[in-house]
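# Fold and contact review
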Amino acid sequence: MPRSARVKAESGFYHVVAKGSGGQNLFEGPADYQAFLGFLSQACEKHGVAVIAFCLMTNHMHLLVEDPDGNLSQMMQSLMTSYAQRFNSTGGHIGHVFQQRFKSQPVEDDAYLLQAARYIHNNPARAGICAAWEYRWSSYREYVGRSEVAKTSLLLDMCGGREGFVAFSAGAQDGSYRFSQRTRVSDAEAQEIARAVLGGLDPIDLKALGRERRNALLFDLKEAGLSVRQIERLTGIGRGTIAKASQS
């Protein structure tokens, strides 16, 4: 599958996102969240990466990391492989756990670093779950309490301590920060990507699959970088169906 090279951050800081394959849940209970954080700590220590902030949602997760030695890909591969093996083994699941490739966005200045942390911590609030400070599976509580996974000293120093962090976090997201969208894939690349994602299945044959399997593969095509129009041309499936599958 053709893949664009990751943009390297001169600062060494990245906002990382990984999702469950086909929109499936990554976490099914407290033990899963705790296991993931354990694997995250181990992988970061092994590869020299520091976690600045994190938020684990049901079917995706956000990390803000410092990667001074360029080991982000190795760290994420180690983390995702270890967690996927445990998730499938303990939960009786089969197949891919994560979407094929995690996404990363460079964070190049102090203002964006703070905004990225606030964006990450506010995921539960944007999803209508609870306020950032109430959510158990993010690093927000580490910033106002005891640090266990996240390296909190950097942002706390930038905010002037815990009170400054709380005040900044409570501020409205001004919209200037968001996780970047994927770059456009050419039609020629789209055909190659579709063949790789579908494992040899002809895209036109997706119409004959059951709804759940069809939607999972449509989601995978969308996440691999294909536009709704490209998927429509390749599969013959209507845009409405594709759009709904990509939001599942």
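Below, the structure is looked at part by part.

Rules and cut-offs
- Sequence positions are assigned chain by chain, starting from 1 and proceeding in written order.
- Thresholds applied to this predicted model are a pLDDT of at least 70 for local features of residues and 80 or more for the giving and counting of side-chain atom pairs; totals over whole chains, interfaces and linings are not thresholded and use all residues.
- Heavy atoms from the whole structure form the basis of all side-chain values; hydrogens and water molecules are not counted.
- Secondary structure elements are taken from DSSP: a helix is a run of H or I of four residues or more, a strand is a run of E of two residues or more, and numbering for both begins at the N terminus.
- By definition in these notes, contact holds between two residues if any of their heavy atoms fall within 4.5 Å.
- Computed by Shrake-Rupley with a 1.4 Å probe, the accessible areas treat only the displayed protein chains as cover when residues are assessed.
- Every axis in this analysis is a line fitted to C-alpha atoms, fitted for helices over the stretch in contact. Angles between the N-to-C directions lie between 0 and 180 degrees.
- By the definition adopted for this analysis, an angle is roughly parallel if under 35 degrees, roughly antiparallel if over 145, roughly perpendicular if from 65 to 115, and oblique otherwise.
- Residue polarity is assigned by list, with Asp, Glu, Lys and Arg as charged and Ala, Val, Leu, Ile, Met, Phe, Trp, Tyr, Cys and Pro as nonpolar; anything else, Gly included, falls into the polar class.
- A pair is scored as a salt bridge if a Lys or Arg side-chain nitrogen falls within 4 Å of a carboxyl oxygen belonging to Asp or Glu.
- For every residue, the accessible area obtained with a 1.4 Å probe (protein chains only) is divided by the maximum for its type, and the residue is called buried under 20%, exposed over 50%, and partly exposed between those limits.
- Here the term patch refers to residues with relative accessible area over 30% and no salt bridge, with like charges joined within 9 Å and nonpolar side chains (Val, Leu, Ile, Met, Phe, Trp, Tyr) within 5 Å.
- Only four residue types enter the charge count, namely Lys and Arg as positive and Asp and Glu as negative; His and the chain termini do not.
- One atom stands in for each charge, and that atom is NZ of Lys, CZ of Arg, CG of Asp or CD of Glu.
- Any two strands with at least two DSSP-identified bridges between them are counted as paired.
- The criterion is simple. A nonpolar core is a set of buried Ala, Val, Leu, Ile, Met, Phe, Trp, Tyr and Cys residues joined through side-chain atoms within 4.5 Å.
- Each residue after the first adds 1.5 Å to the expected span of a helix.
- Starting at the helix axis, one direction is taken to each C-beta atom, and the arc is that of these directions.

### Things to note about the overall build of the protein
- When helices and strands are tallied, the protein shows eleven helices and four strands.
- Taking the contacts inside the protein whose residues are at least 6 apart along the sequence as the reference set, 71% of them involve residues at least 24 apart.
- Taken as a whole, the protein presents about 12400 Å² of accessible surface, with 48% of it coming from carbon and sulfur.

### Section: the packing of helix 3 (residues 110-121) against helix 7 (residues 162-170)
- Between helix 3 and helix 7, whose axes approach to 9 Å, the crossing angle comes to 70°. On the basis of the axis angle, helix 3 is roughly perpendicular to helix 7. Contacts between helix 3 and helix 7 involve Leu-114, Gln-115, Arg-118 and His-121 on the former and, on the latter, Phe-165, Phe-168 and Ser-169.
- When the residues that make up the contact of helix 3 with helix 7 are grouped by side-chain class, the tally is three nonpolar, three polar and one charged.

### Structural notes on the pattern of salt bridges
- What the rule picks out here adds up to four salt bridges.
- Among the salt bridges present, the one from Glu-148 reaches Arg-146, with a minimum N-O distance of 3.0 Å. Comparing Glu-148 with Arg-146 shows no difference in burial state: the two are exposed.
- Linking Glu-232 and Arg-239 is a salt bridge whose minimum nitrogen-to-oxygen distance equals 2.9 Å.

### Concerning a negative patch on the surface
- Together, Glu-10, Glu-108, Asp-109 and Asp-110 line one region of the surface with negative charge.
- Within the element layout of this structure, Asp-109 appears in the loop between strand 4 (103-106) and helix 3.
- The exposure class assigned to Asp-109 is partly exposed, which follows from its relative accessible area of 42%.

### Quick notes on the sheet that holds strand 4
- Here four strands make up an open sheet; going across it, the order is 2-3-1-4 and the pairing antiparallel. Of all the strands in the sheet, the pair left with one neighbour each is strand 2 (50-56) and strand 4. Put simply, the sheet's adjacent strands are angled 15° from each other on average, direction ignored.
- Packing against the sheet, helix 1 (residues 30-47) makes contact with strand 2 and strand 3 (60-66), and its axis sits at approximately 160° to strand 2.

### Side note on the nonpolar core
- One finds Leu-40 and Met-76 to be the most contacted residues of the largest nonpolar core, which totals 53 residues.
- Listing elements by their share of this core, those giving two or more residues are strand 1 (13-19), helix 1, strand 2, strand 3, helix 2 (72-91), helix 3, helix 5 (140-144) and helix 6 (153-159).
- The biggest single contributor to this core is helix 2, with eight residues.
- Judged by nonpolar contacts, the second largest core, of 14 residues, contains Ala-190, Ala-194, Leu-217 and Leu-226.

### Notes on helix 2
- In this model, helix 2 (20 residues) spans 28 Å end to end at C-alpha, consistent with the 28 Å of a helix rising 1.5 Å per residue.
- Inspection of helix 2 places Leu-72, Met-75, Met-76, Leu-79, Met-80, Tyr-83, Ala-84, Phe-87 and Asn-88 among the buried residues, and these make up the whole buried set. Buried residues of helix 2, seen end-on, are gathered within an arc of 165° and therefore sit on one face of the element. Looking at helix 2, the residues exposed on the side facing more than 90 degrees away from the buried face are Gln-77, Gln-85 and Ser-89.
- For helix 2, the secondary structure elements touched by its buried residues are strand 1, helix 1, strand 3 and strand 4.
- Immediately beyond the C-terminal end of helix 2, within one or two residues, lies Gly-92, with a positive phi of roughly 70°.

### Some details on the pairing of strand 3
- Most of strand 3 is tucked away, with seven of its seven residues classed as buried.
- By the alternation rule, side chains of strand 3 split into His-60, His-62, Leu-64 and Glu-66 and Met-61, Leu-63 and Val-65, which are all buried.
- The pairing of strand 1 with strand 3 spans seven bridges and is antiparallel. Note that in strand 3 the partner of His-15 across the bridge is Leu-64.
- The pairing of strand 2 with strand 3 spans six bridges and is classified as antiparallel. Across the sheet, Leu-56 pairs through a bridge with Met-61, a residue of strand 3.
- Taken together, strand 2 and the strand that follows it, strand 3, pair antiparallel across an intervening segment of three residues.

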